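Examining the three-dimensional arrangement
Spelled out from the first residue to the last, the chains are:
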Amino acid sequence: MSPQPQAAVGAPLSRVDGRLKVTGKAQYAAEFDVDGVVHAVIVDASIGRGRITSIDTGVAEKHPDVLRVISHRNAPKLPYRDNSGSNNPPGRRLRVFQDDRVLFHGQPVAVVVATTLEAAQHGASLVEVGYDAEQPSTDLHEATSDKPTNYARGDAEAGLRDAAVRLDLTYRTARNHHNPMEPHATIARWDGEKLTVWDKTQWVLGTQTELSTVFGLPMDSVRVISPFVGGAFGSGLRCWPHTIVAAVAARETGRPVKLVLSRRQQYFGTGFRPSYEYRLRVGSDRRGRLAAAAHEMDAETSSYETFSETIMPAGQMLYSMPDVSQAYRSVPLDVNTPIWMRGPGFATAAFVIESAMDELADRLGIDPIELRRRNEPSEDESNGLPFSTRRLRECYTVGAREFGWQRRSQRPRSRREGDWLIGMGVAVGAYETQRNQAQARVRLDADGTALVETAASDMGPGTYTSQTQVAADALGLTMRTVTFRLGDSLYPPTPPHGGSQTMASVGSAVLDGCDQVRRQAIKLAVEDRASPLYGADADDVVVRSGRLHVKNTPSRGETYRSLLTRNKRSHLDALGSYAGAPSPARHSFYAYNATFAEVAVDATLGLVRVRRMLGVYDAGRIISPKLAESQAIGGIVGGIGTALLEHTVTDHRDGRIVNANLADYLVPVNADVPEVQAIYLDGEDREADPLGVKGLGEVVHVGVAPAIANAVFNATGRRIRELPITVEALL
């Protein structure tokens, strides 16, 4: 068929849900008006490990507005029937209120349900819990690790021995928490044996599966609704204990229950980016050609589940070298389970690898960009597959030109403006192009409007808008005549809204469904004797603004409305689908970036100020330039936080998180955000998916922290190998 005109895709359109959000009409999880709702507040464990010896609920239960206090003493025993597809990371679950064990500080040990939020909060403060406390293990650097996951090609130890230049470096990264604007919240309601939850989640089907598993219900007896998510960054990628608690409380009280985590509770009620200790040994010849690298990674996980993220691939494919070894070790601790956070794995690996590349460049007296160019691989050396696209050389060229890289002094601490030392740095980022099975239901009504439904999520990147753009162009409609709905487990299934896979996966399913409906309409027209298109070649018919016409004869055509009305068709519909990544893989799929940073460091006080940043991205086809720019700004701002501010602090005596609030856990504010520029290279990746997209929500974060760290070195001559970079490290 003739290609459809593309009026919406590629245009810098405003968000279709923007007005709802700025006027307060967008409904988030805690904002749904559910008849008869009551409120629940969790009582958190005040020890980091041990057993509950007593729970005194008497005073709380005498409160006139308290309906129930639930703990392991009176909670129902839940079946936790295994259900394939559960969104828990591999390993054992935290079984809420099922026994007296305390596995981490802040674990839910009771919940108070009351008619008002204030009464529930007061009631929770009246519950007295006694413990037999044990010393928790919460220090990554002192705990015992599990057996490693290994990777090897060639002989890394021999390659390192023979290398003319060798570096042996150890890096540490802090635990980071997501801190989205919207706190995690759940409203749970039972109707007989059917459960409905309004939940903050990035995966309605994952939450549905988990609730089905925990309560032993058929999948179709659980409905999960989540039309808007006020930021998540990965924190909503699984069903957390508070959602189970809300459902238990609703069943036990016979009332719909609303449970909203406090800002403090989010630090142990949901997950986090795990901290790492990462040793990297790297060797090269004197011209900078990499010979070998040995990676040893220790990462925190919980004692009751094994969580891991994709930190290993970057060290396998980012640069060309014959000899590589890797050992990834999980370190079980008495903490709650980590979860994926923007740029998971790749962001941490990039800090280590890109900092080491910068250090090697300085040792050899080679420009950092030139060193990276000399080690560009011609294929993915981890699997021998060709890259679908890899335009890092172009990213370097464009970025160096636009950022003014030629003004960078190769000698550290040589550029000064008054009390400020000025430095520039660069780093590479990459993130895998994920694609998974997805479906979308499409209906074209006789009035010429369309409805598209799919169980995807939108935590902020603009899913409503980008999917509407794809649907509008595929159907040949304007944006205002297409309605896109998401966030309901009754809609067709999609993968999690994370890993930069939504546009490729859900978008491809939307494209398929809309293409099917458009073709149905064209077939109806060319076979209808009353249609101006009767007898036309279907392959020559396109649709623009709701009107079908012959491509080279625009006057010959008619509207969807007239076609369907005349044929007494109330609608046309189709179920679009996308099968996911091809198997076996024929290419290696990644999105890439080159990130540039300029910093100023106070020579006396050690204060670091980011002055400007630039990201140049090879991310395939850009569906919405306006949304893409927003994603880059968000990813870079998050990277500034990782590099300079964010650090979850644990008191190892009892496992308490010391800075579980936004006064002490620092995140970037407007004053911290400098001039930020994003450039997306024109192009598409048709090997990746039908839309030619690669995904960009994750990759824009990867490489930001090392670019800043490398700029700090260029400014000061101090090499910092621990994040965040603090004043103390620079004094």
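Up top is the structure.
First, a word on scope: everything that follows refers to the structure included in this document. (Residues numbered from 1 in each chain as written. Predicted model: local features only at pLDDT ≥ 70, side-chain atom pairs only at ≥ 80, totals over all residues. Heavy atoms only, no water.)

1. Description of the packing of helix α5 (residues 204-215) against helix α6 (residues 241-253)
Between α5 and α6, whose axes approach to 11 Å, the crossing angle comes to 50°. One way to sum up the angle between α5 and α6 is to call them oblique. Regarding α5 and α6, the two cross each other, and that crossing is right-handed. From α5, T207, L211, V214 and F215 reach across to α6, where they touch T243, I244, A247, V248 and R251. (Axes fitted to C-alpha atoms, helices over the stretch in contact; angles between N-to-C directions. Helix = DSSP H or I, 4+ residues; strand = E, 2+ residues; numbered from the N terminus. Parallel < 35°, antiparallel > 145°, perpendicular 65-115°, else oblique. Left-handed = near helix turned anticlockwise from the far one by under 90°. Contact = heavy atoms within 4.5 Å.)

2. So, empty space enclosed by the protein
In this structure the tally under the stated criterion is 8 cavities of 30 Å³ or more. The set of elements that each furnish at least two residues to the lining of the largest cavity consists of α5, α6 and α7 (266-269). Across the lining of the largest cavity, the residue classes tally to 11 nonpolar, 4 polar and 4 charged. Considering only enclosed or pocket space, the second largest cavity measures out at about 130 Å³ in volume. For the second largest cavity, the lining is made up of 15 residues, of which R273, A347, T348, T642 and L723 are closest to its centre. Of all the elements in the fold, those that place two or more residues in the lining of the second largest cavity are α9 (346-364) and α16 (704-716). Looking at the lining of the second largest cavity element by element, the count peaks at 3 residues for α9. (1 Å grid on protein atoms, 1.4 Å probe; cavity = no way out; pocket = protein on both sides within 12 Å on 5 of 7 lines; lining within 4 Å. Points joined across faces, edges and corners; volume = space filled by probe spheres on them. Nonpolar A, V, L, I, M, F, W, Y, C, P; charged D, E, K, R; others polar.)

3. Some details on the packing of aromatic side chains
Scanning the entire structure with this criterion turns up 16 aromatic pairs. The interplanar angle of 85° and the centroid separation of 6.2 Å between the aromatic rings of Y464 and F484 together place this pair among those described as edge-to-face. Taken together, the residues Y464 in helix α12 (residues 463-475) and F484 in strand β20 (residues 482-485) connect sequence positions 20 residues apart. According to the relative accessible area criterion, F484 is buried, its value standing at 7%. Chaining the aromatic ring pairs together yields one cluster made of F346, F387, Y431, Y590 and Y592. When the ring centre of F272 is taken as reference, the NZ or CZ atom of R175 above it lies at 3.8 Å. Seen from the ring of F589, R435 lies directly overhead, with NZ or CZ sitting 4.2 Å from the centre. (Phe/Tyr/Trp six-rings, centres within 6.5 Å; stacked < 30°, edge-to-face > 60°. Buried < 20%, exposed > 50% of the residue type's maximum accessible area, 1.4 Å probe, protein only. Lys NZ or Arg CZ within 6 Å of the ring centre and 35° of its normal.)

4. Quick word on the environment of D445
Structurally, D445 is set in strand β18 (residues 438-445). It is 15 Å that separates the C-alpha atoms of D445 and R485, two residues lying 40 residues apart in sequence. Setting aside residues up to four positions removed in sequence, D445 forms contacts with L564, S570 and H571. A polar side-chain atom of D445 sits 2.8 Å from a polar atom in the side chain of R443. (Polar contact = N/O pair within 3.5 Å; in protein donor to acceptor, adjacent residues only side chain to side chain.)

5. Re the pairing of strand β5 (residues 108-114)
Extensive coverage of β5 is indicated by the burial of 7 of its 7 residues. Where strand β1 (residues 38-44) and β5 come together, 6 bridges link them in antiparallel fashion. Its bridge partner lying in β5, V43 is registered against A110. When strand β3 (residues 66-71) meets β5, the two strands line up antiparallel, connected through 5 bridges. (Pairing = 2+ DSSP bridges.)

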